[in-house]
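# Fold and geometry: a report
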Amino acid sequence: MRHRFFATAALAVGLMVSTGHVFAHHGGSAYDTSKMVVLTGTVKSFDFIQPHPIIGLDVKDESGNVVNWSIEMTSPNHLVRYGWNGHKLKPGDQITVSGNAAKNGLKVLNLRKIAWANGEVIPLGPPPEPASNQ
């Protein structure tokens, strides 16, 4: 009986330790939410993967040098409801993105809005509720 208790306890502790990363899902604390960054560039890559799709975006800096940014999106499970799939963006597509940049200075952006070069917004979620006239 005592052996069974210790085996069960050891199994429970082992499961908690090995699945700790599930409970450690990141929030927005890595990003500077005090300001919005807008980038226009060329899609280099688009990986529609879990837990967050990533857009590789080539952006020209003030000096004309190309800088590669990683644009982190919301979950693919959410995006598929609004028409997204692994073929939505292709290398060479011109887009404008806006969001919050990483606090640590890395060229990583937490995406909030995306549009084609012509200004047409690409939905990331439901349209905003219209303002009521009350």
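Residues numbered from 1 in each chain as written. Predicted model: local features only at pLDDT ≥ 70, side-chain atom pairs only at ≥ 80, totals over all residues. Heavy atoms only, no water.

In terms of helices and strands, the protein chain carries three helices and five strands. Put simply, the protein chain runs from its N terminus to its C terminus through helices and strands in the order α-α-β-β-β-α-β-β. Counting all 134 residues of the protein chain, 27% fall into the buried class. Within the protein chain, counting contacts between residues at least 6 apart in sequence, those at least 24 apart form 53% of the total. Carbon and sulfur atoms form 58% of the exposed surface of the protein chain, whose accessible area is close to 9200 Å². (Helix = DSSP H or I, 4+ residues; strand = E, 2+ residues; numbered from the N terminus. Buried < 20%, exposed > 50% of the residue type's maximum accessible area, 1.4 Å probe, protein only. Contact = heavy atoms within 4.5 Å. Areas by Shrake-Rupley, 256 points an atom, 1.4 Å probe, with all protein chains shown as cover.)

Strand order in the closed barrel formed by five strands is β1-β2-β3-β5-β4, with mixed pairing between adjacent strands. Here the strands of the sheet are splayed against their neighbours by 55 degrees on average, with no regard to which way each runs. Bridging between strand β2 (residues 54–60) and strand β3 (residues 66–72) involves seven bridges; their strand directions are antiparallel. What sits directly across from K60, in β3, is V66. (Pairing = 2+ DSSP bridges. Axes fitted to C-alpha atoms, helices over the stretch in contact; angles between N-to-C directions.)

Mapped onto the elements of the fold, N77 is located in helix α3 (residues 76–79). We classify N77 as partly exposed; its relative accessible area is 46%. Distance in space between the C-alpha atoms of N77 and I49 is 9.8 Å, their sequence separation being 28 residues. Of the polar contacts made by the side chain of N77, one reaches the side chain of Q50; its length is 3.0 Å. (Polar contact = N/O pair within 3.5 Å; in protein donor to acceptor, adjacent residues only side chain to side chain.)

Once that is clear, we can look at the packing of aromatic side chains. For the structure shown, the criterion picks out two aromatic pairs. Between F46 and F48, the ring centres sit 5.9 Å apart and the planes meet at 55 degrees, which makes this aromatic pair tilted. A relative accessible area of 23% places F48 in the partly exposed class. Relative to W84, the ring of F46 has its centre 5.9 Å away and its plane inclined at 55 degrees; by these criteria the two rings are tilted. On the criterion of sequence distance, the pair formed by F46 in strand β1 (residues 37–47) and W84 in the loop between α3 and β4 (94–101) is long-range, its members being 38 residues apart. (Phe/Tyr/Trp six-rings, centres within 6.5 Å; stacked < 30°, edge-to-face > 60°.)

We now examine the side chain of N110. Mapped onto the fold, N110 is located in strand β5 (residues 108–116). What N110 contacts, discounting residues up to four positions off in sequence, is Y31, E72, S98, G99 and N100.

Before going further, it helps to examine the confidence of the model for the protein chain. Regions with low pLDDT carry predicted coordinates that are not meant to be interpreted in detail. Counting all residues, the mean pLDDT for the protein chain is 85, and 77% of those residues have values of 70 or more. In the model, residues 17–24 has pLDDT below 50 throughout and makes zero contacts with residues more than four positions away in sequence or in other chains. (pLDDT = per-residue confidence, 0-100.)

Here β1 pairs with β2 via five bridges, running antiparallel. Paired with D47 across the strands is I54, a residue of β2.

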